[in-house]
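Residues per chain are reported as follows:
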Amino acid sequence: VTAGVRMDDHSAFGANFERIYYPKASLSYVISDEDFFDFSFVDNLKLRAAWGRAGNAPAPFSADRTYGAAAVVMDNGSVVSSLDPDAFGNQDIRAEKGEEIEVGFDASLLDNNLGLEVTYYSSRTKDALISVPVPASSGWVGTVLRNIGEIANSGLEVAIFGSPIRTPSLTWDATLTLSTNSNEVISLGEGARDTIPVGYRNSQRHVAGYPLAGYWTQVPVRNADGS
């Protein structure tokens, strides 16, 4: 049994957010060491399970509202220095929080000539860090990083290790891996819009109920003659 907790504080957090804690715990059981385990073709079998929380800090300076230097030509032709809006900033920005559970097993078979690792995982990410377009009425342009919504991921990871050939003069070790992942935007947050564009002409966007940053096509409008 293993347990622990991690505390994060980061200079990229907004002024309205301080620190965050991430607990974790894991359990493994080598069941093949038990007297009741009687499978001659299994050399070693370990069952394992884990639960934990983790997170991502926002990019540096995401919380800061900044201005850039510019030059303005006055009516009389003189040039004066000025400040233009640069980054919108977000003083409420905080860490992205993820929670995951996974179960699986590791096995060695047939006199250690074959190995198998299988893991199933399911995770939820809350306060996901997503770039949102800045309202034009604010005087700023571009996007601002916000903590919105919830994202789910689940999948299966399988690895098979083997030695098809093992002789005094030649050994061939082979590995076959398989992994799957199902991704879905569960929510874009309370009061958020249904769609957040992230690509050219909304061809790529975040939509609740679909994979994150999915690609979308637009059906052309046609005349009665098909043109």
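As shown above, the structure is provided for reference.
Computed from a prediction, not measured in an experiment: that's the story for all the values here. (Residues numbered from 1 in each chain as written. Predicted model: local features only at pLDDT ≥ 70, side-chain atom pairs only at ≥ 80, totals over all residues. Heavy atoms only, no water.)

Novice: Can you help me understand the environment of Phe17 in this one?
Specialist: Relative to the elements of secondary structure, Phe17 occurs in the loop between strand 1 (2–9) and strand 2 (19–30). For the pair Phe17 and Phe88, spaced 71 residues apart in sequence, the C-alpha to C-alpha distance is 18 Å. Non-local contacts of Phe17, meaning those with residues more than four positions away in its chain, are made with Ile93, Arg94 and Ala95. (Helix = DSSP H or I, 4+ residues; strand = E, 2+ residues; numbered from the N terminus. Contact = heavy atoms within 4.5 Å.)

Novice: I tried to follow the sheet that holds strand 15 (residues 214–215) on my own but got confused; where do I start?
Specialist: Picture the strands of a sheet paired through backbone hydrogen bonds; they go either parallel or antiparallel. Spatially, the three strands line up as an open sheet ordered 13-14-15, and their pairing is antiparallel. The open sheet has two free edges, formed respectively by strand 13 (195–197) and strand 15, since each of these has just one partner strand. Sheet topology note: the strand 13/strand 14 (residues 204–207) ladder contains three bridges and is antiparallel. Its bridge partner being in strand 14, Pro197 is matched across the sheet by Arg205. (Pairing = 2+ DSSP bridges.)

Novice: Explanation requested: the pairing of strand 14 in the structure shown.
Specialist: Successive residues of a regular strand alternate their side chains across the two faces of the sheet. Residues Gln204 and His206 point to one face of strand 14 and Arg205 and Val207 to the other, with burial holding for every one of them. Two elements, strand 14 and strand 15, share two bridges in a ladder whose sense is antiparallel. Each residue of the ladder has a partner; that of Gln204, found in strand 15, is Tyr215. Here strand 14 folds back onto strand 15 in antiparallel fashion, the turn holding six residues, of which Gly209 has a positive phi close to 95°. (Buried < 20%, exposed > 50% of the residue type's maximum accessible area, 1.4 Å probe, protein only.)

Novice: Sorry, what's going on with unusual backbone geometry here?
Specialist: Trans peptide bonds make up most of the peptide bonds, and negative phi angles are found at most residues other than glycine. In this model, Asn112 sits at a positive phi of 65°, which is unusual for a non-glycine residue. Along the polypeptide, Asn112 turns up in the loop between strand 6 (96–109) and strand 7 (114–126). For Ala213, which is not glycine, the phi torsion reads 55° and is therefore positive. Its place among the elements puts Ala213 in the loop between strand 14 and strand 15. In this structure Ala213 comes out as partly exposed when scored by relative accessible area, which is 21%.

Novice: Just to check I follow, could you spell out the nonpolar core for this structure?
Specialist: Note that soluble globular proteins tend to have their nonpolar side chains buried in a common cluster. Core analysis: the largest hydrophobic core is formed by eight residues, namely Ala128, Ile130, Val132, Ile148, Ile151, Val185, Leu188 and Ile196. Beyond its immediate chain neighbours, meaning those up to four positions away, Ile148 contacts Asp127, Ala128, Ile130, Val132, Leu188 and Ile196. Phe37, Val42, Leu45 and Leu109 belong to the second-largest nonpolar core, a separate cluster that totals six residues. (Core = buried A, V, L, I, M, F, W, Y, C linked by side-chain atoms within 4.5 Å.)

Novice: So what exactly am I meant to see when it comes to the pattern of salt bridges here?
Specialist: Close approach of charged atoms lets side chains of opposite charge pair. Within the structure shown, the criterion is met by seven salt bridges. Residues Arg6 and Asp8 are paired through a salt bridge, measuring 2.8 Å at the closest nitrogen-oxygen approach. Using a relative accessible area of 40% as the deciding quantity, one classes Arg6 as partly exposed. Put simply, Arg48 and Asp106 hold a salt bridge, and the shortest N to O gap is 2.8 Å. Here Asp106 lies in strand 6 and Arg48 lies in strand 3 (residues 42–56), a separation of 58 residues in the sequence. An identical accessibility class is assigned to Arg48 and Asp106; each is buried. A single network of salt bridges, built from pairs that share partners, joins Lys46, Arg48 and Asp106. (Salt bridge = Lys/Arg side-chain N within 4 Å of Asp/Glu carboxyl O.)

Novice: Hey, could you run me through the layout of surface pockets in this one?
Specialist: Where empty space is left in the structure can be found by rolling a water-sized probe over the atoms. In this structure, the largest pocket spans a volume of roughly 180 Å³. Going through the elements one at a time, strand 2, strand 3, strand 6 and strand 7 are the ones with two or more residues in the lining of the largest pocket. Classifying every residue of the lining of the largest pocket gives four nonpolar, one polar and five charged. (1 Å grid on protein atoms, 1.4 Å probe; cavity = no way out; pocket = protein on both sides within 12 Å on 5 of 7 lines; lining within 4 Å. Points joined across faces, edges and corners; volume = space filled by probe spheres on them. Nonpolar A, V, L, I, M, F, W, Y, C, P; charged D, E, K, R; others polar.)

Novice: Would you explain a nonpolar patch on the surface in this entry?
Specialist: A cluster of nonpolar side chains, Phe39, Phe41, Leu110, Leu114, Ile160 and Leu176, forms an exposed patch at the surface whose accessible area comes to about 550 Å². Here Leu110 lies in the loop between strand 6 and strand 7. The class of Leu110 is partly exposed, set by a relative accessible area of 49%. (Patch = residues over 30% accessible without salt bridge, like charges linked within 9 Å, V, L, I, M, F, W, Y side chains within 5 Å. Areas by Shrake-Rupley, 256 points an atom, 1.4 Å probe, with all protein chains shown as cover.)

Novice: Help me understand the environment of Ala71 in this model?
Specialist: Here Ala71 shows up in strand 4 (residues 66–73). Here Ala71 falls in the exposed class, since its relative accessible area comes to 59%. Through-space distance from the C-alpha of Ala71 to that of Ser81 is 4.6 Å; in sequence the pair is ten residues apart. When sequence neighbours within four positions are dropped, the list of residues in contact with Ala71 reads Val79, Val80 and Ser82.

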